[in-house]
Amino acid sequence: MNTELQNPIVKWPFGKADVVSLTATGNQAVDIYNNLTIVDGATGARTLNLAISKDVEPGARLVVKTRTTATESLTPGEGMAGKATAGVAGKTKVAEYVYDGEKFIQTADAVQID
């Protein structure tokens, strides 16, 4: 994570949201710099670990979309609080998290969208 200076980006809602694609299974590290980050997960079991910039404001949102080929799970890791999203073969689930100034808290159970 770049921690040298304040973020030189225009953060959401005045700038665009950050979109991060996950490509592998296992532990995934994602840097959070913006007030809206969308994580698009490929198939596979994984743990999502967040490195949250000091510039991220309470109320920031994280949307996590994950698709599975069987019953793989996405587990919230560092910087997150919530429960694992258990997959259903060939289906996509979406969960939302809100930043409380310390970590991203899951707001509800993941929703299957297809």
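Just so you know, these numbers come straight off a predicted model, no measurement behind them.

A word on unusual backbone geometry
Here's step 1: With an omega of 20 degrees, the peptide bond between W12 and P13 qualifies as cis.
Here's step 2: Relative to the helices and strands, P13 is located in the segment before β1 (18-22).

Let's talk about the packing of aromatic side chains
Here's step 1: Applying the stated criterion to the full structure yields 1 aromatic pair.
Here's step 2: Their ring planes at 40 degrees and their centres at 5.0 Å tell us that Y99 and F104 sit as a pair that is tilted.
Here's step 3: You can call Y99 buried: its relative accessible area is 8%.

Concerning the confidence of the model for the protein chain
Here's step 1: Residues with a pLDDT of 70 or more make up 92% of the protein chain, whose mean pLDDT is 88.
Here's step 2: Mean pLDDT across the secondary structure elements of the protein chain bottoms out at strand β8 (residues 85-86), with 88, and peaks at strand β10 (residues 104-106), with 98.

Some words on the nonpolar core
Here's step 1: Core analysis: the biggest nonpolar cluster contains 16 residues, and I32, L48, L50, L62, V64, Y97 and F104 have the highest contact counts within it.
Here's step 2: Looking at this core, the elements with two or more residues in it are β2 (26-32), β4 (46-52), β5 (61-67) and β9 (92-99).
Here's step 3: Examining the composition of this core, we find that 3 residues originate from one element, β9, more than from any other.

Some details on the environment of L50
Here's step 1: Looking at the secondary structure, you find L50 in strand β4.
Here's step 2: Relative accessible area serves as the criterion here: at 7%, L50 is assigned to the buried category.
Here's step 3: Here the alpha-carbon distance between L50 and E78, two residues 28 residues apart in the chain, equals 5.6 Å.
Here's step 4: Residues contacting L50, with those up to four places away along its chain left out, are V30, I32, L62, E78, G79, M80 and F104.

Focus on the sheet that holds β2
Here's step 1: Within the open sheet, the 4 strands sit side by side as β2-β4-β6-β8. Their pairing is mixed. For this open sheet the edge positions go to β2 and β8, each flanked by a neighbour on one side alone.
Here's step 2: With 7 bridges connecting them, β2 and β4 associate as parallel partners. Residue pairing in the sheet places G26 in a bridge with R46 of β4.

About the cut-offs
- Residues numbered from 1 in each chain as written.
- Predicted model: local features only at pLDDT ≥ 70, side-chain atom pairs only at ≥ 80, totals over all residues.
- Heavy atoms only, no water.
- Helix = DSSP H or I, 4+ residues; strand = E, 2+ residues; numbered from the N terminus.
- Phe/Tyr/Trp six-rings, centres within 6.5 Å; stacked < 30°, edge-to-face > 60°.
- Buried < 20%, exposed > 50% of the residue type's maximum accessible area, 1.4 Å probe, protein only.
- pLDDT = per-residue confidence, 0-100.
- Core = buried A, V, L, I, M, F, W, Y, C linked by side-chain atoms within 4.5 Å.
- Contact = heavy atoms within 4.5 Å.
- Pairing = 2+ DSSP bridges.

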